[in-house]
Structures are given as C-alpha cells and as structure tokens.
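# Results of the structural survey
Here are the chains, one letter per residue:
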Amino acid sequence: MKFVDYVTVTVRSGRGGAGVVSFRRERFAPRGGPDGGDGGAGGSVILNADFHLNTLLDFRYNRHHFAENGKNGSGSNKTGKDGNDIVLRVPIGTVIKDTDSGDTIGEILVDDARFTLVEGGRGGKGNSFFKSSTRQAPKFSQEGEPSIERNITLELKLLADVGLVGLPNAGKSTLVATLSAARPKIADYPFTTLAPSLGVVKVGDYQSFVIADIPGIIEGAHEGKGLGIRFLKHIERNAVLLLMIPVTSDDSATEYATLVNELESFEPQLLEKPRMIAITKLDLIPTEEHASQVDAIRASIEDDIDVFGISAVARVGLEELRMGLWARVEEIRSFGG
Ligand SMILES: Nc1nc2c(ncn2[C@@H]2O[C@H](COP(=O)(O)OP(=O)(O)OP(=O)(O)O)[C@@H](O)[C@H]2O)c(=O)[nH]1
Ligand SMILES: [Mg+2]
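Residues numbered from 1 in each chain as written. Chains lettered and ligands numbered in written order. Predicted model: local features only at pLDDT ≥ 70, side-chain atom pairs only at ≥ 80, totals over all residues. Heavy atoms only, no water.

## Focus on the overall build of the protein
The helix and strand tally for the protein stands at six helices and 14 strands. Over its C-alpha atoms, taken along the principal directions, the protein stretches across nearly 105 × 45 × 35 Å. The buried share of the protein, reckoned over its 337 residues, is 47%. When contacts within the protein are restricted to residue pairs at least 6 apart in sequence, those whose partners lie at least 24 apart make up 71%. Counting every atom, the protein has about 17,200 Å² of accessible surface; 48% of that belongs to carbon and sulfur. Averaged over its 38 positive side-chain charges, the protein has a centre that lies 16 Å from the centre of its 46 negative ones. (Helix = DSSP H or I, 4+ residues; strand = E, 2+ residues; numbered from the N terminus. Buried < 20%, exposed > 50% of the residue type's maximum accessible area, 1.4 Å probe, protein only. Contact = heavy atoms within 4.5 Å. Areas by Shrake-Rupley, 256 points an atom, 1.4 Å probe, with all protein chains shown as cover. Lys, Arg positive; Asp, Glu negative; His and termini not counted. Charge placed at Lys NZ, Arg CZ, Asp CG, Glu CD.)

What follows is the structure, given as structure tokens:
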C-alpha cells in the first residue's frame, strides 16, 4: 500500500437552477398574474475535519468531486430543489492550496472544522419576483449562477511536538501506545506502520504534548526507499525529533549516523530541529547492564545530545523520557525553539 500525504483534486460546485416564466391559469381568469418560481441553489463542495482520519488516501481513487446542480423553478411559485452539497472528510492538519495559483487558502486545525472549497451557485429568480406595481406581468426570469470549477491540492501536515525517527521495528509504535491512548498497530516485522498517526501524551493533569508515530526509516530513504522520511517534512517546524535505536543494535553509533545522514540528505533543515535519542528494548539485556550499556552508547555517539534508556514492555525509563521530552517541548513553546 502506498501512503498519500499529498493529492490534487478537481472540485466543482453545482450551478443554480433557473427561475422560470409562468402565469397563473385559473378557470375563469385565463391570464392570471406571474407565478414563475425561483431556481434552487447549486451544491457546494466542503471539507470537514475528522480526527479519526490520518491519511488523504481516499482522494487518490476519487479525484473529481462535482456537487449537484440546483433544479429549475416551476409554475405556482414552486422553488426548484437545492443541489446536494458534497462533504469531503479530511484529517486534522490538512493544508489547502489552490493548485493553479499555488496559494495556500486554508488549513484544517481542529476536529469538525469546515472549509468551503467552492460555493454552490445561487438559483435565479422566477418572473413572479419581478412583479411590481408598474410591471404587472414580467415576461422574463433569471438564470441561475454558473458552477465554479477549481483545482485544489491537499497536503497533510502533522501537528506534532515530537516525531519518532527510527529503523523499522525500533519500537516507535510501541512507545506511542505506551505513552498515549493511541493504539497503533505493532508487530515484529518491518513497515508495520504505513501511515503516520498521532498520540497525545499527558503531563500532569492539565498539560500534554503530541507525539507522531511515523513509518520506519531505512538507508536510502532520502532517495525514496521505504516510507517514513517523506512524512518528516510535514511535521510542524518546531518539533523535537526522538531518534530510536534498539539496545540490541549491532552498532548503535552507526545506526544513529545512518538516521542522521538520511535526515540530512533528505532535508538539511531537519538537523536544525532539536533531537534526542531513546535506546529501546532495554528488557532484552540484564537489568544490571542497563546503565552501563546506555552510558557506553552515549559515549560512542559523537553528538552531545540527551540519551534515554527505555523499555516500553517492562516500563523502564518512561517517566524520565516523558519529562525529558516535555521539558524540550515546553522550552520550544515558550521561546519558539
Ligand atoms: N522486548 C521488547 N520488545 C519491544 C519493545 N518495544 C517494541 N518491541 C517489539 O518490537 C517489535 C516492533 O515494534 P513496533 O513498535 O511495531 O516497531 P516500529 O518501530 O513501530 O516498527 P515499524 O512500524 O515497522 O517501523 C514488536 O514485536 C514489539 O513488540 C520493548 O520495549 N521490549
Ligand atoms: Mg510502527
């Protein structure tokens, strides 16, 4: 399955129905007053945020979204039926652009937010609308407004404070499942996670930060191998990257260098984000070796950054990691990184 975080669609509003020219017919008054009804409004195409969603994949298979036209009015002052709107569900964090101008026209930030892409055309007025004291029998009516067509690009930008970076199987999803109420899929094969998802990590009673589970990153990711790295550019600018390396790695310093190199080759600015390291799966080595092993890895890594030892399964080091991430997130929130 291919994950989609970027899609272009064509949307079209419904045209307004026409107003009509009609005159009342009564049994004893062959030519009554004007009674042509108005046309109905055309349907709009509207985006609606849904927090359950985390991909734009559905749009890949369905690129044309044309709302219904309004129906024409009819005699006896009957207004035509409005065309139905099309409501497209999108994940939170979707950025909306006009494809042809390249301008950003909106952003979906909260659940249930709505954004109208193209407004349905208004219905035209029937001839009864144009009746006045000086014009008793207007013989004209209005057309409905035409439909509007627009090419729209949707881009998913994750709003996360912390992005998890690691080779497949590093334990990213397990950490998200342990720290938050999110329940990403976890399995002992690579590329279990195919699309990013978010989890909210609580800090005390009133505060929280958002952690993004991302597909694994592999060597060559910046050239398009694997899935994960392309999502990083959609993460909020001021996010902390948590690089995750299992304690069982043959060579954690090299694994760290690989991850850093992929980040840099893909987008040098990613290295300007603050980063930290979590050595995962500590339960796979004896407890008495935890501290010394983490120290040894810390010493082998050239950068001077925070290194946390954790086991999501045995619940080791999670509080320290949570508070360490929070301290950084808070700093960035108050001082903008
Ligand atoms: N022993 C042990 N196993 C763990 C721990 N954390 C994760 N695992 C196991 O490691 C395997 C991979 O875990 P995931 O959380 O799916 O790894 P991931 O980094 O999200 O992997 P991808 O989504 O494929 O990139 C699973 O079998 C987990 O049960 C841990 O703390 N200890
Ligand atoms: Mg995963």
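From this point, the discussion proceeds with the structure in view.
## With respect to helix 2 (residues 172–179)
Counting buried residues along helix 2, seven of its eight residues qualify, which places the element largely inside the surrounding structure. Turning to helix 2, its buried residues are Lys172, Ser173, Leu175, Val176, Ala177, Thr178 and Leu179. Elements that come into contact with the buried residues of helix 2 comprise strand 9 (162–166), strand 10 (197–203), strand 11 (207–213), strand 12 (240–246) and helix 6 (318–335).

## Some details on the domain arrangement of the protein
Partitioning the protein into structural domains gives domain 1 (1–157) and domain 2 (162–335). Just the C-alpha atoms count here: the centres of domain 1 and domain 2 sit 46 Å apart. (Domains from an automatic or database assignment.)

## Structural notes on the nonpolar core
Core analysis: the biggest nonpolar cluster contains 28 residues, and Val165, Ile217, Leu232, Leu243, Tyr256, Ile277 and Ile279 have the highest contact counts within it. Only helix 3 (229–232), strand 12, helix 4 (252–266), strand 13 (275–280) and helix 5 (290–300) provide two or more residues apiece to this core. Considering each element in turn, this core owes the most residues, four residues, to helix 4. Discounting chain neighbours no more than four positions away, the residues touching Ile279 are Ile245, Pro246, Val247, Ile297, Val307, Phe308, Gly309 and Ile310. Formed by 24 residues, the second largest nonpolar core is a distinct cluster that contains Val176, Leu179, Met244 and Ala278. (Core = buried A, V, L, I, M, F, W, Y, C linked by side-chain atoms within 4.5 Å.)

## As for the coordination of the magnesium ion (ligand 2)
Of the protein atoms, only Ser173 (OG) and Thr193 (OG1) coordinate the magnesium ion (ligand 2), at distances of 2.0 to 2.1 Å. A residue pair is termed long-range when its members are at least 10 positions apart, and Ser173 in helix 2 and Thr193 in the loop between helix 2 and strand 10 qualify at 20 residues. Just as Ser173 is buried, Thr193 falls in that class too. (Donors = N, O, S within 2.8 Å, 3.2 Å for Na, K, Ca; no water.)

## Digging into the site of ligand 1
The environment of ligand 1 is made up of 22 residues, and the closest members are Lys172, Thr174, Phe191, Thr193 and Asp283. Lys172 is positioned such that a nitrogen or oxygen atom in its side chain is 2.7 Å from an oxygen atom of ligand 1. One of the backbone nitrogen or oxygen atoms of Phe191 is found 2.8 Å away from an oxygen atom of ligand 1. Computed on the free molecule, ligand 1 has an accessible area of 650 Å², of which 88% lies beneath the protein chains in the complex. (Near = heavy atom within 4 Å. Polar contact = N/O pair within 3.5 Å; in protein donor to acceptor, adjacent residues only side chain to side chain.)

## So, the side chain of Glu255
Examined against the element boundaries, Glu255 turns out to sit in helix 4. One buried charge, Glu255, has no salt-bridge partner; the nearest side chain with opposite charge is Lys172, at 8.5 Å. Setting aside anything within four residues of it in sequence, one finds Glu255 in contact with Leu167, Met244, Ile245, Pro246 and Ser249. (Salt bridge = Lys/Arg side-chain N within 4 Å of Asp/Glu carboxyl O.)

## Examining unusual backbone geometry
Residues other than glycine seldom take positive phi values, yet Asn169 does so here, at roughly 75°. In this fold, Asn169 is placed in the loop between strand 9 and helix 2. Residue classification places Asn169 among the partly exposed positions, given a relative accessible area of 31%. In this model, Arg315 sits at a positive phi of 55°, which is unusual for a non-glycine residue. Note that Arg315 resides in the loop between strand 14 (307–309) and helix 6.

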